[in-house]
Amino acid sequence: MNQRPVWIKHAAQLATIAGGPAPRIREGMSDLGIIEDGSVWIEEGEIRAAGTTAELEKRYGSRAAEAEIIDASGRLVTPGLVDPHTHIVYGGSREKEFEMRLEGATYMEIMEAGGGIHATARMTREATEEELFEQSFRRLDSFLSHGVTTVEGKSGYGMDLETELKQLRVMKQLNERHPADLVPTFMGAHAVPLEWKGREDEFVDLIIRDMLPKVAEEGLAAFNDVFCEVGVYTPGQSRRILEAGKEHGLLPKIHADEIEPYGGAELAAEVGAISAEHLLKASDVGIRKMAEAGTIACLLPATALYLREEAARGRDMIDAGVPVAVSTDCNPGSSPTTSMPLVMNLACISMRMTPAEALVAATLNAACAINMQDKVGSIEPGKQADLVMWDIQNYQELQYLFGVNHVMNVWKKGKLVISKEGEIRTQSMPAY
Ligand SMILES: N=CN[C@@H](CCC(=O)O)C(=O)O
Ligand SMILES: [Zn+2]
């Protein structure tokens, strides 16, 4: 690789999130492994050491001249954020629906009338791979500028084999050509396509018989997701799709209990899903079962806010022993945002998670929700050097000063990919 080593020194707080088991539960979600006057030594794109600046002086002081030195005095340094649930690759835009919803239409009414997911499916079917690549590349840039270095992405705006494969191939290209990591999920069962209305079971057969084998054969996805919801896929249909995916090595994920309580959390635990998503209406039994099974709750407070719904019971889930992750849900309908910092803010404000819990939910637990915990999610020797330096002093400020992007520098695999130093200090402070 031949990159100069990078030495980040004197961080006011280095939140390593190192050392504990993953995913974190209960009190483990409050343990940030904070090091004051912290230092990180990066080499060959990897974290080689993290400790106090004094400790690293002893170990690397003699090599200081070799390294690019970053002075992080007065600043917070964290692992790169991980977004474990997005619909990043899509055609078109749906700002008119936003207006319609503010005038009283509901998300499901719009979808039942052929809008919503169906509208994006039409625009995604029409888009070329190049167009999808370009739009999504820009979205990934926006993620990076918000400190997000790893992103999960779902197909599901095709719901026919050709377009599902098109979306997944675009994700493969993005993963190879954009600095961020993009982890792909197949979601052929995102809605019941209009042409299959009334023949849902036959469409489920098609997913199992044609789509899943092809996606697996081309190695285009790691996970298999389903929208289990009243009026979309029943728990029985969802179970069939998820069990079939397992036979092809795709780990299950479920959009569960978002709009109505429907036994989605229970199903997630029963099929051994790696995570269940949304969970706004999850039952107490479902929450208990998820805790017992170790299913990660992937909570999406920006979506709840955007749909003007009560957020999921993040506090209760943590107290019940469920490992919690948070995500933007970045999609053109119910959460058109790339801001994980905003999502962490909302985790605190609308789900009563603590600032430390929100950070763990957006890093290590989020990495676990997409099986990336061996590479990303914490600052530990051997992991990818994915780091963020924030223009604030401590982790509480990250959640307290809300709705603001505090990112200064982002490193991906040891490479500086975002630097806002110039942007923020365009003019010097005038004398008083
Ligand atoms: N709820 C289902 N799917 C997406 C929304 C997709 C869309 O509206 O385009 C979600 O996770 O919020
Ligand atoms: Zn989703």
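What you are looking at is a predicted structure, and each value in this text was computed from that prediction instead of being measured.

## Some details on the packing of helix α5 (residues 129–145) against helix α6 (residues 161–177)
Part 1 of the reasoning: Taken N-terminus to C-terminus, the directions of α5 and α6 make an angle of 50°; their axes are 10 Å apart at the nearest point. By the angle between their directions, the pair α5 and α6 is classed as oblique. Of the two possible hands of crossing, α5 and α6 adopt the one that is right-handed. Taken together, the residues of α6 that come into contact with α5 (itself represented by Glu129, Leu132, Phe133, Ser136, Phe137 and Leu140) are Lys166, Gln167, Arg169, Val170, Gln173 and Leu174.

## Observations concerning the site of ligand 1
Part 1 of the reasoning: Around ligand 1, the surrounding shell holds 13 residues, and the nearest of these are Ile117, Asp329, Asn331, Gly333 and Ser334.
Part 2 of the reasoning: Split by residue class, the shell around ligand 1 holds three nonpolar, eight polar and two charged.

## Digging into the domain arrangement of the protein chain
Part 1 of the reasoning: Entries for the protein chain in the domain assignment read domain 1 (6–80 + 377–419) and domain 2 (81–370).
Part 2 of the reasoning: Mapped onto the side of domain 1 that touches domain 2, the elements with two or more residues apiece are β5 (76–79), α16 (395–400), β15 (407–412) and β16 (415–419).

## Thoughts on helix α10 (residues 284–293)
Part 1 of the reasoning: Every buried residue belonging to α10 is among Gly286, Ile287, Lys289, Met290 and Ala291, and all of these are buried.
Part 2 of the reasoning: Tucked inside the fold, the buried residues of α10 contact α9 (264–270), β11 (275–278), β12 (296–299) and α12 (314–319).
Part 3 of the reasoning: With its phi angle positive at about 75°, Gly294 sits one or two positions after the end of α10.

## Some thoughts on the pairing of β15
Successive side chains on a regular strand alternate, one facing one side of the sheet and the next facing the other.
Part 1 of the reasoning: Of all six residues making up β15, six are buried, and the element is well covered by its neighbours.
Part 2 of the reasoning: Bridge analysis of strand β14 (residues 387–390) against β15 gives four bridges, and the strand direction is antiparallel. Of the residues in β15, the one forming a bridge with Met389 is Asn409.
Part 3 of the reasoning: Joining the antiparallel neighbours β15 and β16 is a turn of two residues, in which Lys413 adopts a positive phi near 45°.

## Overview of the UniProt feature "binding site: 4-imidazolone-5-propanoate" (unreviewed entry) in the protein chain
Part 1 of the reasoning: The feature "binding site: 4-imidazolone-5-propanoate" (unreviewed entry), as annotated in UniProt, sits at Arg94, Tyr157, His190, Glu258 and Ser334 in this numbering.
Part 2 of the reasoning: Among the secondary structure elements, Arg94 is positioned in the loop between β6 (81–83) and α2 (95–102).
Part 3 of the reasoning: Of the residues examined, Arg94 has 22 C-beta atoms within 10 Å and is grouped as buried.
Part 4 of the reasoning: Considering the arrangement of structural elements, one finds Ser334 in the loop between β13 (324–326) and α13 (340–351).

## Regarding the UniProt feature "binding site: Fe(3+)" (unreviewed entry) in the protein chain
Part 1 of the reasoning: According to UniProt, the positions carrying the feature "binding site: Fe(3+)" (unreviewed entry) are His85, His87, His255 and Asp329. For the annotated residues, spread through 245 residues, the largest C-alpha to C-alpha distance comes to 12.3 Å, consistent with a single compact locus.
Part 2 of the reasoning: Relative to the helices and strands, His87 is located in the loop between β6 and α2.
Part 3 of the reasoning: Counting through the fold element by element, His255 comes out in strand β10 (residues 251–256).
Part 4 of the reasoning: On the neighbour-count criterion, His255 (29 C-beta atoms within 10 Å) is buried.
Part 5 of the reasoning: In contact with His255, other than residues within four places in its own chain, are Asp225, Val226, Phe227, Cys228, Glu229, Glu277 and His278.

Conventions used here
- Residues numbered from 1 in each chain as written.
- Chains lettered and ligands numbered in written order.
- Predicted model: local features only at pLDDT ≥ 70, side-chain atom pairs only at ≥ 80, totals over all residues.
- Axes fitted to C-alpha atoms, helices over the stretch in contact; angles between N-to-C directions.
- Helix = DSSP H or I, 4+ residues; strand = E, 2+ residues; numbered from the N terminus.
- Parallel < 35°, antiparallel > 145°, perpendicular 65-115°, else oblique.
- Left-handed = near helix turned anticlockwise from the far one by under 90°.
- Contact = placed C-beta atoms within 7 Å.
- Near = placed C-beta within 6 Å.
- Nonpolar A, V, L, I, M, F, W, Y, C, P; charged D, E, K, R; others polar.
- Domains from an automatic or database assignment.
- Buried ≥ 20, exposed ≤ 12 C-beta atoms within 10 Å, placed from the backbone.
- Pairing = 2+ DSSP bridges.
- UniProt positions renumbered as here; feature names shortened; annotations may be inferred.

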